[in-house]
Amino acid sequence: MLSVNDLSFSFKKNVIFDQVSFSINDGELVGLVAPNGTGKTTLLKLLCGLLPTAATTLTLNGIHLYQHRTAYLRQLFFLENSNQLYADLTVADHLTYVRSMWHSAVDIAGVVDSLGMAGYYRKKIKTLSLGMKQHVLLAMYLVSDAQTLLIDEPLNGLDPTSIQQFERVFLALKQQGKSMLISSHQMDSVGRVSDRVFFLQNQTIVPIENTGQDMLAVYNTMYLKAGEQHARSV
Amino acid sequence: MRALFKVTFKRDVQSTTNIVIFAALVILLLGTFFSQTGQANTTRGDLYNVYVTTDDGITNEVIALRKVKHRTAAQTARLNQKLTEKTYADQIIAAASASPAAADQLNRALLHYAQYALRQTQKDPRTPLQLIAYTDQPLDRSLLGRVKDVAFYRYLLDHHIQEIPTAAVHAPAINYLAGAFLYHVSPFLIIAVLLVGLAEFFTMDKRLGTIDFANTLPISKSKVLLIQGLLTCLLMFVLFLLAAVAVFLLVGSQNGWGTWTYPLVYSLDGLHARIMPLAQLMGMLVLSIFSLLVFFTAIGGLISLFVRTTGTHFLWASALLLTGLPSVLGPATRLMPWLPVGYFDYAAVILHRTNWPTLGFGGGVGLLLGWSLLVFGGTGVLLHRRQLL
Ligand SMILES: Nc1ncnc2c1ncn2[C@@H]1O[C@H](COP(=O)(O)OP(=O)(O)OP(=O)(O)O)[C@@H](O)[C@H]1O
Ligand SMILES: [Mg+2]
């Protein structure tokens, strides 16, 4: 379980989060939704210690980030986007690297097969398309076998088949008891896979239970432009 | 750890930086070689001219003294001395013009003259001797200079080695490399090139934006930095060795190889002369470069925590390097031998030609490695506190 207690963060004078608290349970998939530039990526980076938080803010499965950083990091996996892959290394290099650094026992060949990546397993990252790189990223999450997965816009650049494939993987991971926080702009997809959705608004998180409602409608009411709101109230 | 090592190694080895560093080192070291291409090999002739100039100098003085009608006792003594010098110089010229060249004969003649000069200088240090003035070499009129000459020519004679002057054209590979490192290419230039490589590798992740991946690895960040440092240092060292070997092979294939036992003469105490064969010199050079690399790697790791670009990294590291320039080094203090800056000019340290106090060659290597540990330890403490690279 990931517990966040009293999280505040700002870039200089630009306040992104103001005293936010929440937790994510084992086997729970939480969607993270907000317009561009609100703070989704910033939140994910805060949760894995890439940006500074107060000493007592973050606890993952009972481990405090500031007390046992290595143990904390071993419980989670986060790689912001495919630009962070090593261009000159192969897919195989990345997967064996993650497997060994996270002390995981996951069978790499199985993951590669299940994601249909056998065709480019031996290729260098710089020769892959965006969608292929998204597959590599997801494969790294799977191979890490970390308990908590923080995923930033995994559906970017995916074709409809791959989107459905990724959604199946997310649901399977949920079955395995992983805690997941996945940011996305695809509201339909968010509606299909998440148990709860965190909407970022006014430097805080508005959690909404997923009861099968139309997430796009929720989104629209949440982020109505000031002008539109005014028009409606007239 | 092994996986991290493997991945870092694979990334570093594939970097084009390696080719740039290798090429820069080779070009620096080949400067003299290129400037001499197409030039005739005039080494022997030049040396002969140097002897003749010496002989002429003596002859002129003899003629001038003979013209004096009523010589004082001092002038008579001076004339006698010059006549003795002339017999030695004539022997040298006779040996040098022998064909085929007879190395032993020439060395013996040079040794005899050096021994004579030493005896005269020991009797009276102000004796105005006509010394052999080699091109590109400062004329040392001190007693130590005479002691060194004797040691040098005795060694050449004992080992049957033909003299190869500093200014030799188309010097054989071994002498060429030694000359490049000691006289022609400043140690500061060589180190600066290596600093470019260090700056490039230490800022690679920040520049490419891949640093976050390293920062989320479930492993202590000191280990990540240590592995990056070890590999970078090793890579630069290998590039240096490869560059030296490439230059050696290229020069050797054109000019011949030379001999590893060729002597360099130096003094530890300012009184006695010691001989260092070029093989030993090369070993010491390699060890110097290695310890300097380790030191600057430790410094580079520390700098990498504070800067994001290759340019600023290089600027900071080279600013430190420049403090080791003899002209920048402050007045010698009692602390001086304990500071790394006194050891950047490895050529001066190896030949004991520093104007500042040092712990000597071995002490210097130990000191640089000790400081490296200290700097790395400090970086480790810092990393432990901030937890991010
Ligand atoms: N390194 C930084 N320095 C200063 N401000 C930053 C930095 N990174 C992000 N910001 C600011 O923080 C805010 C949130 O950025 P963030 O990247 O978290 O948005 P996001 O919700 O992920 O957007 P997107 O949907 O476009 O990915 C933005 O206003 C951005 O300008
Ligand atoms: Mg983002």
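Residues numbered from 1 in each chain as written. Chains lettered and ligands numbered in written order. Predicted model: local features only at pLDDT ≥ 70, side-chain atom pairs only at ≥ 80, totals over all residues. Heavy atoms only, no water.

Structural notes on the packing of aromatic side chains
Residues and elements named next belong to chain B. What counts is decided by this rule: Between the rings of Phe, Tyr and Trp (Trp by its six-membered ring), a pair exists once the centres lie within 6.5 Å; its type follows the angle of the planes, with under 30 degrees stacked, over 60 edge-to-face, and the other angles tilted. For every residue, the accessible area (1.4 Å probe, protein chains only) is compared with the maximum for its type, and the residue is labelled buried under 20%, exposed over 50%, or partly exposed between those bounds.
Scanning all chains against the criterion turns up 24 aromatic pairs over all chains. Taken together, a centroid distance of 5.9 Å and an interplanar angle of 65 degrees make the contact between F33 and F34 edge-to-face. Of the residues examined, F33 reaches a relative accessible area of 10% and is grouped as buried. Arranged with centres 5.7 Å apart and planes meeting at 50 degrees, the rings of F181 and F240 form a pair that is tilted.

Points about a nonpolar patch on the surface
All names here are of chain B. What counts here: Here, patches come from residues exposed beyond 30% relative accessible area and free of salt bridges, joined within 9 Å for like charges and within 5 Å for nonpolar side chains (Val, Leu, Ile, Met, Phe, Trp, Tyr). Values of accessible area rely on a 1.4 Å probe in the Shrake-Rupley scheme; residue burial ignores everything except the protein chains shown. By definition here, a salt bridge exists when the distance from a side-chain nitrogen of Lys or Arg to a carboxyl oxygen of Asp or Glu is within 4 Å. Every helix listed is a DSSP run of H or I at least four residues long, and every strand listed is a run of E at least two residues long, numbered separately from the N terminus.
Taken together, the side chains of F5, F9, V13, L226 and L230 present a nonpolar region at the surface, about 420 Å² in accessible area. Those elements that place two or more of their residues in the nonpolar patch are helix 1 (2-14) and helix 11 (221-255). Broken down by element, the nonpolar patch gets its largest block of residues, three residues, from helix 1. In this fold, V13 is placed in helix 1.

Quick notes on the sheet that holds strand 1 (residues 2-11) of chain A
All names here are of chain A. Note the cut-off: Two strands are said to pair when DSSP picks up at least two bridges between them. Residue contacts follow a heavy-atom distance rule, with two residues in contact if any of their heavy atoms lie within 4.5 Å. For helices, the axis comes from a line fit to the C-alpha atoms of the stretch in contact; other axes are also lines fit to C-alpha atoms, and the angle between any two N-to-C directions lies between 0 and 180 degrees.
In spatial order, the strands read 2-1-4-5; together these four strands make up an open sheet with antiparallel pairing. If you trace the sheet from one side to the other, it starts and ends with strand 2 (14-24) and strand 5 (63-64), each paired once. Here strand 1 runs beside strand 2; their pairing, made up of seven bridges, is antiparallel. Counterpart to L7 in the pairing with strand 2 is V20. Against the sheet, helix 1 (residues 40-47) touches strand 1, strand 2 and strand 4 (58-60), its axis set at about 125 degrees to strand 1.

Thoughts on the domain arrangement of chain B
For an interface, size is often stated in terms of accessible area lost upon the parts coming together. Residue and element names in this part refer to chain B. Just so we agree on the cut-off: The domain limits used here are those given by an automatic or database domain assignment. What gets called buried area is simply the loss in accessible area from a 1.4 Å probe that two parts show on being joined, summed for both. Contacts described as polar in this section are N or O atom pairs within 3.5 Å, which, within protein, must combine one atom able to donate a hydrogen with one able to accept it, while residues neighboring in sequence count only if both atoms come from side chains. Think of it as three bins: nonpolar holds Ala, Val, Leu, Ile, Met, Phe, Trp, Tyr, Cys and Pro, charged holds Asp, Glu, Lys and Arg, and polar takes everything else, Gly as well.
The domains assigned to chain B are domain 1 (2-37 + 173-386) and domain 2 (43-159). Each side of the interface is counted separately: domain 1 has twelve residues, and domain 2 has seven residues. Of all residues in domain 1, P263, V265 and I275 bury the most surface against domain 2, accounting for 43% of the area lost on that side. Remark: the boundary between domain 1 and domain 2 carries zero salt bridges. There are one residue pair in polar contact (both at pLDDT 80 or more) connecting domain 1 and domain 2. Looking at the side of domain 1 that touches domain 2, the elements with two or more residues in it are strand 1 (263-266) and strand 2 (274-277). When residues of the side of domain 1 that touches domain 2 are assigned to their parent elements, the largest contribution, three residues, is made by strand 1. For the side of domain 1 that touches domain 2, a count of residues per class yields eight nonpolar, four polar and no charged.

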